[in-house]
Amino acid sequence: FAGLEKNINKEIVDTVRKGIELNKRLLIKYYSFNSDQITERQFDPYLFEIYDGCYHLIGYCHLRNSIRDLRISRILDAEILDESFVRSENFYEDYKKGKFGKLAGEEQIKLVVKFSGEGARYVKEYESTKADVIIEEQDGSLIFEKTTTMTPEITKWILSFGGDVVVLEPERLREEIAEEV
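Just so it is clear, the structure is predicted and the values come from calculations on it, not from any experiment.

Caption draft 1: Up close: helix 1 (residues 10-22). In this model, helix 1 (13 residues) spans 18 Å end to end at C-alpha, consistent with the 18 Å of a helix rising 1.5 Å per residue. Of all the positions in helix 1, only Ile12, Val13, Thr15, Val16, Gly19 and Ile20 are classed as buried. End-on view of helix 1: buried residues confined to an arc of 165°, all on one side of the axis. Among the exposed residues of helix 1, those pointing more than 90 degrees away from its buried face are Lys10, Glu11 and Glu21. On the buried face of helix 1, the contacting elements are strand 1 (24-32), strand 2 (37-51), strand 3 (54-61) and strand 5 (75-84). Just downstream of helix 1 lies Asn23, where phi reads positive at about 55°.

What follows is the structure, encoded as structure tokens:
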């Protein structure tokens, strides 16, 4: 675990690994970047995942009653509880459905975005796997559809395409993008 992230506590990593191996629930203290708060929660650790150079723990959060992704460096304390758990067979597929890139939010939305020009070419080549549906229009533009959760990451992603993108749904996101521009 050394090298990629500097703020990794080896004792916490060892406790989490043991929880995964033994299918034992954890009691953790976690710093949430989104809310800027520290919470104590019971968490069923399912697996480690690495992306963007950061270590993440995927599992069932009893505080949020859903599969969550916790950045290991934000776990401030971890202790193994006596309670065992069972992973659902397709927990990972269900978890990925609610994410857009790295972040998952609370509010479910249907995202419909139209890309044109270079943006359409880029999305077709590099970003099409993020979509549930991609529709190629006669004029070369793309309609990108995804059921996901609303996150700041979506706004940043859309804004990165400049004038080559138009948000069709949800209306609130379209208004937010217009204000930001």
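Having seen it, we continue.
Caption draft 2: Examining the sheet that holds strand 3 more closely. Strands sit in the order 4-3-2-1-5 across an open sheet of 5 strands; the sheet is antiparallel. The sheet is open, and its two borders are formed by strand 4 (66-71) and strand 5, each paired with just one other strand. Taken over all neighbouring pairs, the strand axes of this sheet differ in orientation by 45° on average, direction set aside. As paired strands, strand 2 and strand 3 are joined by 8 bridges and run antiparallel to one another. Paired with Leu47 across the bridge in strand 3 is Ile58. Running at roughly 25° to strand 5, helix 1 makes contact with strand 1, strand 2, strand 3 and strand 5 of the sheet.

Caption draft 3: Region of the structure containing the side chain of Thr155. Note that Thr155 resides in helix 4 (residues 152-159). If we skip the residues at most four places from it in the chain, Thr155 touches Met150, Leu173, Glu176 and Ile177.

Caption draft 4: How the structure looks around the pattern of salt bridges. In this structure the tally under the stated criterion is 9 salt bridges. In this structure, Glu83 and Arg25 form a salt bridge, with 2.7 Å as the shortest nitrogen-oxygen distance. You can see Glu83 sitting in strand 5 and its partner Arg25 sitting in strand 1, a full 58 residues away along the chain. Arg25 gets classed as buried once you look at its relative accessible area, which sits at 12%. A salt bridge links Lys146 to Asp132, with the nearest nitrogen and oxygen atoms 3.8 Å apart. Of this pair, Lys146 sits in strand 10 (residues 142-149) while Asp132 sits in the loop between helix 3 (117-127) and strand 9 (133-136); the two residues are 14 residues apart in sequence, bridging distant segments of the chain. Overall, the relative accessible area of 9% leaves Lys146 in the buried class. The structure contains a network of salt bridges with shared partners spanning Arg25, Asp44 and Glu83.

Caption draft 5: Focus on a negative patch on the surface. A contiguous patch of negative charge on the surface is contributed by Glu175, Glu176, Glu179 and Glu180. When you line up the elements, Glu180 lands in helix 5 (residues 171-180).

Caption draft 6: Examining the packing of aromatic side chains more closely. In this structure the tally under the stated criterion is 8 aromatic pairs. Centre to centre, the rings of Tyr122 and Tyr126 are 5.0 Å apart; their planes meet at 35°, and the pair counts as tilted. Pair noted here: Tyr122 and Tyr126 are both in helix 3, with a separation of 4 residues, about one helical turn. With a relative accessible area of 38%, Tyr122 lands in the partly exposed category. Residues Tyr122 and Phe161 carry aromatic rings whose centres are separated by 5.9 Å and whose planes lie at 55° to one another, so their mutual orientation is tilted. Placement of Tyr122 in helix 3 and of Phe161 in the loop between helix 4 and strand 11 (165-169) is noted, with a sequence separation of 39 residues between them. Since its relative accessible area comes to 11%, Phe161 is described here as buried. In this structure an aromatic cluster arises from ring pairing among Phe115, Tyr122, Tyr126, Phe144, Trp157 and Phe161.

Rules of the game
Residues numbered from 1 in each chain as written. Predicted model: local features only at pLDDT ≥ 70, side-chain atom pairs only at ≥ 80, totals over all residues. Heavy atoms only, no water. Helix = DSSP H or I, 4+ residues; strand = E, 2+ residues; numbered from the N terminus. Expected span 1.5 Å × (residues − 1). Buried < 20%, exposed > 50% of the residue type's maximum accessible area, 1.4 Å probe, protein only. Arc of directions from axis to C-beta. Contact = heavy atoms within 4.5 Å. Pairing = 2+ DSSP bridges. Axes fitted to C-alpha atoms, helices over the stretch in contact; angles between N-to-C directions. Salt bridge = Lys/Arg side-chain N within 4 Å of Asp/Glu carboxyl O. Patch = residues over 30% accessible without salt bridge, like charges linked within 9 Å, V, L, I, M, F, W, Y side chains within 5 Å. Areas by Shrake-Rupley, 256 points an atom, 1.4 Å probe, with all protein chains shown as cover. Lys, Arg positive; Asp, Glu negative; His and termini not counted. Charge placed at Lys NZ, Arg CZ, Asp CG, Glu CD. Phe/Tyr/Trp six-rings, centres within 6.5 Å; stacked < 30°, edge-to-face > 60°.

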